[in-house]
Amino acid sequence: MSASPIDKANTPEEFTSIKITEPAKNSGGFKALKSAITHASKYMKPADAIKISTKINQKGGFDCPGCAWPDPDDERSSLGEYCENGMKAMSEEMQNITIGTEFFAKHSVEALAKLSDFEIGKSGRLSEPMFLAEGASHYQPISWEAAFKKVGSHLNALDHPDEAVFYTSGRTTNEAAFLYQLFVREFGTANLPDCSNMCHEASGKALSETLGIGKGSVTLDDLYKAELVMVIGQNPGTNHPRMLTALEKCKKNGGKIIAINPLPEAGLIKFTNPQNPIKLLTGGTKIADVFVPININGDVAFVKALLLKLLEKEELEGHVFDKDFINAHTSGYDAFISDLKQFNFDACLTSSGVSKTTFDDVFDLVLNNKKIIICWAMGLTQHENAVDNIRELVNLLLLKGSIGKEGAGTCPVRGHSNVQGDRTVGIWEAAPQAFLDKIENKYGFKPTTKHGYSVIDAIKAMYEKKAKVFFGLGGNFISAVPDTNYSAQALANCNLTVHVSTKLNRSHLVTGKEALILPCLGRAEKDYQKTGIQTQSVENSMGIVSSTKGFLKPCSDKLLSEVAVVCNIAHATIKERSKINWLQYKDDYNLVRDDIQEVVEGFQDYNKRLKTPSGFYLPNGARVRQFKTKTGKANFTLNKLPEWKLKNNELVMMTIRSHDQFNTTIYGLNDRYRGVFNERRIIFMNKEDMKEQNLKEQQIVNLKSEYNGTLRVANNFKVIGYDIPKRCCATYFPETNVLVPLDSFAHTAKTPASKSVKITLEKV
Ligand SMILES: Nc1nc2c(c(=O)[nH]1)N[C@H]1C(S)=C(S)[C@@H](COP(=O)(O)OP(=O)(O)OC[C@H]3O[C@@H](n4cnc5c(=O)[nH]c(N)nc54)[C@H](O)[C@@H]3O)O[C@H]1N2
Ligand SMILES: Nc1nc2c(c(=O)[nH]1)N[C@H]1C(S)=C(S)[C@@H](COP(=O)(O)OP(=O)(O)OC[C@H]3O[C@@H](n4cnc5c(=O)[nH]c(N)nc54)[C@H](O)[C@@H]3O)O[C@H]1N2
Ligand code: SF4
Ligand SMILES: [Mo]
């Protein structure tokens, strides 16, 4: 019997020979340097590796396709402006093997699905378009022309444009993303789910409502000048390594750092800058002045405890709150204060899981500093009350007047290198009316005003056969989304699934009746078009738009750029009825930017300003205390305490990243900082919980999650005793996505709650 979509969607359950050491107490250093070099020399051509290390993140070079951390405006290190994980990202993208006709003739889809994600990723770079016919066991080559036609005819055969789903992952550049959403809207739908729906959607929702802009307010310079930086629900040592350089600089200037996290992540504790030869010899910088080992989802409770003590002090002594700021710039203060008074300090602190001594240390720093920055990532956004998590932090910043001034503000640290830019240029299933009006003015067609599907809605629609074509511009949908088994069936129900990709991934193997793989250029590759080599642009986590230009020879001459793929598909689908000359854009990307500047705010003189070596800042109201909210002010909000009722033996599980992965791309099998080597099927647990449940080190267990009467199971995980609060545990994604219920998501933002999954363990 052939494998079901569910079999193909899940990672194999076999173990890979685990080795455990003590968790690291320091991040970066020689080992980071060594790891970068090992990955580069193992998977890349040596000449490419050298070229890459001189161009990555340099002015006029190309933007690292890793995370969205910004590059310094001024000085860039001549030793290389990149981190270990940036080099791993490049080694993966510029692999020295390519795969095409021969590879796919040799390996059936079913056989490929039996490989681990690590093995799938290391197959090589996709080098030509491939097609999987209905009922076929193997992909076969297809010409670009025929592939475009196939997409066009499937899309045109739908009863309504809303029967198609157009997903985007956050690596797509501004130029490709703008054209893509324009095509989707002219085709007639707003079904534009993107990885942001699973990532910082809750930040966008909370910040728009409270501060009038869905992005962070600080710049790198603010981080250097902050008196206090709180890093909450984020693991920068692994996921934004160069952020540690900024934190180090902040400390050097006298700033203090608080890290709030259930895990004592190595990067939060100590850091040795691998680009600093002196630091390499003399040891690292202590990062966190206070480390707060919080319960999973204990953040609102902890912040409320802080707010209550601040209020107490304000009422006793005054001068704790920034009254001038509150009076001039905020709305909802009285209601907020009377709501706050309903909460009890002790109950909040107990619920957060934090000791009174640690609380007091944090309280002193918050009380005595006026320039506060709060940084956060997935530890706050992937919960059912994620929006509340962030709104409560904004309340704290507003009371302290810590917004819109030097060294203070919000810093949601973004994931993918251009996830923020994609949203700015229109990848949004719920785009604002003003944006749609501008599209109508410029192009003469009326985009639908109906909101489209977000990721969760798209999965449901495909499952219920309301959506029949899935198109993915980048990403690895099946491995990134929650509820793997349900989602696999959803994709299998489609008539056609299409992926524009650089590398093979599991989503190419869990297909609709027919499937296409369309291979595209990577960031570092030269993008030759009729008018010469093209430059593209991206926006980083701090709202700076800068150029990126490939410089290596493409790994195959059959690759197209994402821009060219989008133009050709638009041409093949809506040519006759289109108001737009689609093919002109692929010849000259300056034309795309000319259009963007007419439609998107803040991009005036786009082509000219993109030539500025370090790029340009987009306007940011919160940065200058212009809050574009409904009230015209910064809004206080009222937030509830989440209720956690755990039954006997139930644990709360967070699904996190190891040090050797980029989302669903598995670079290797080690999690060096946490001391786990050569194994991903593990669960980090509190040692007392292990004792209570009679579990030994490395004992094998199955994980079970029961949600609204449905049981979900993930088999074969090894228990590792770890420094994590009681009743909390951690596993890696995507292995445990099968346990994340589709219906458990952040209220209003619909981000899957993949950091708060209730599970029980079953001994094998
Ligand atoms: N090398 C590398 N870099 C990456 C990525 C990658 O996979 N690999 N992914 C990129 C992307 S798309 C993103 S979004 C970012 C993700 O960056 P992160 O958000 O740092 O990634 P996670 O591994 O999900 O880590 C979440 C952190 O939050 C903590 N945490 C979990 N639950 C809670 C909670 O309830 N409260 C608090 N206070 N903390 C909690 C966890 O212990 C963990 O340290 O990184 C980007 N950069
Ligand atoms: N349980 C759980 N699930 C999660 C998360 C979690 O913390 N826990 N995190 C969520 C988050 S924050 C995110 S952002 C999503 C990520 O979701 P996605 O963005 O969908 O996943 P990625 O793994 O980043 O996508 C990797 C694939 O993108 C393709 N690719 C790489 N570079 C390029 C390029 O330049 N162009 C094109 N066209 N393709 C390219 C490659 O084929 C590669 O296999 O996952 C989410 N899922
Ligand atoms: S911090 Fe992020 S963007 Fe910078 S080099 Fe590392 S992975 Fe690339
Ligand atoms: Mo993300």
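Because the structure is a prediction, the values reported are computed rather than measured.

Let us now look at the UniProt feature "domain: Molybdopterin dinucleotide-binding" (unreviewed entry) in the chain. The sites that UniProt annotates as "domain: Molybdopterin dinucleotide-binding" (unreviewed entry) are residues 651-757. For residues 651-757, the end-to-end C-alpha separation is 8 Å, with 6% helix and 41% strand making up the annotated structure.

Here we come to helix H2 (residues 29-43). Its 15 residues place the ends of H2 22 Å apart at the C-alpha level, agreeing with the 21 Å of an ideal helix rising 1.5 Å per residue. Residues Gly29, Ala32, Ser35, Ala36, His39, Ala40 and Tyr43 constitute the buried set of H2. Take H2 and look down its axis: the buried residues cluster within an arc of 125 degrees, on one side only. The outward face of H2, more than 90 degrees from its buried face, is lined by the exposed residues Phe30, Lys31, Lys34, Ile37, Ser41 and Lys42.

Within a regular beta strand, the side chains point alternately toward one face of the sheet and then the other, so they alternate between its two faces. Note: strand S30 (residues 700-707) against strand S31 (residues 710-722), 7 bridges, orientation antiparallel. Each residue of the ladder has a partner; that of tyrosine 707, found in S31, is threonine 710. In sequence, S30 turns back onto S31 through a hairpin of 2 residues, with asparagine 708 there showing a positive phi of about 45 degrees.

Quick look at the packing of aromatic side chains now. Counted under the stated rule, the structure contains 28 aromatic pairs. Taking 4.9 Å as the distance between ring centres and 20 degrees as the angle between the ring planes, the aromatic pair formed by phenylalanine 336 and phenylalanine 636 counts as stacked. On the criterion of sequence distance, the pair formed by phenylalanine 336 in helix H18 (residues 333-340) and phenylalanine 636 in the loop between strand S24 (634-635) and strand S25 (651-656) is long-range, its members being 300 residues apart. Each member of the pair, phenylalanine 336 together with phenylalanine 636, is buried. Relative to tyrosine 585, the ring of tryptophan 582 has its centre 6.2 Å away and its plane inclined at 65 degrees; by these criteria the two rings are edge-to-face. Of this pair, tryptophan 582 and tyrosine 585 are both found in helix H29 (residues 582-587), 3 residues apart, which corresponds to roughly one turn of the helix. The exposure class of tryptophan 582 is buried, given its relative accessible area of 2%. For tyrosine 585, a relative accessible area of 3% translates into the label buried. Among the aromatic side chains, those forming a connected cluster through ring pairs are Phe166, Tyr180, Phe183, Phe187, Phe471, Trp582 and Tyr585. Taking NZ or CZ as reference, lysine 249 lies 4.2 Å from the ring centre of tyrosine 224, over its face. The aromatic ring of phenylalanine 345 is capped on one face by lysine 309, whose charged end is 4.3 Å from the ring centroid.

About the thresholds
Residues numbered from 1 in each chain as written. Chains lettered and ligands numbered in written order. Predicted model: local features only at pLDDT ≥ 70, side-chain atom pairs only at ≥ 80, totals over all residues. Heavy atoms only, no water. UniProt positions renumbered as here; feature names shortened; annotations may be inferred. Helix = DSSP H or I, 4+ residues; strand = E, 2+ residues; numbered from the N terminus. Expected span 1.5 Å × (residues − 1). Buried < 20%, exposed > 50% of the residue type's maximum accessible area, 1.4 Å probe, protein only. Arc of directions from axis to C-beta. Pairing = 2+ DSSP bridges. Phe/Tyr/Trp six-rings, centres within 6.5 Å; stacked < 30°, edge-to-face > 60°. Lys NZ or Arg CZ within 6 Å of the ring centre and 35° of its normal.

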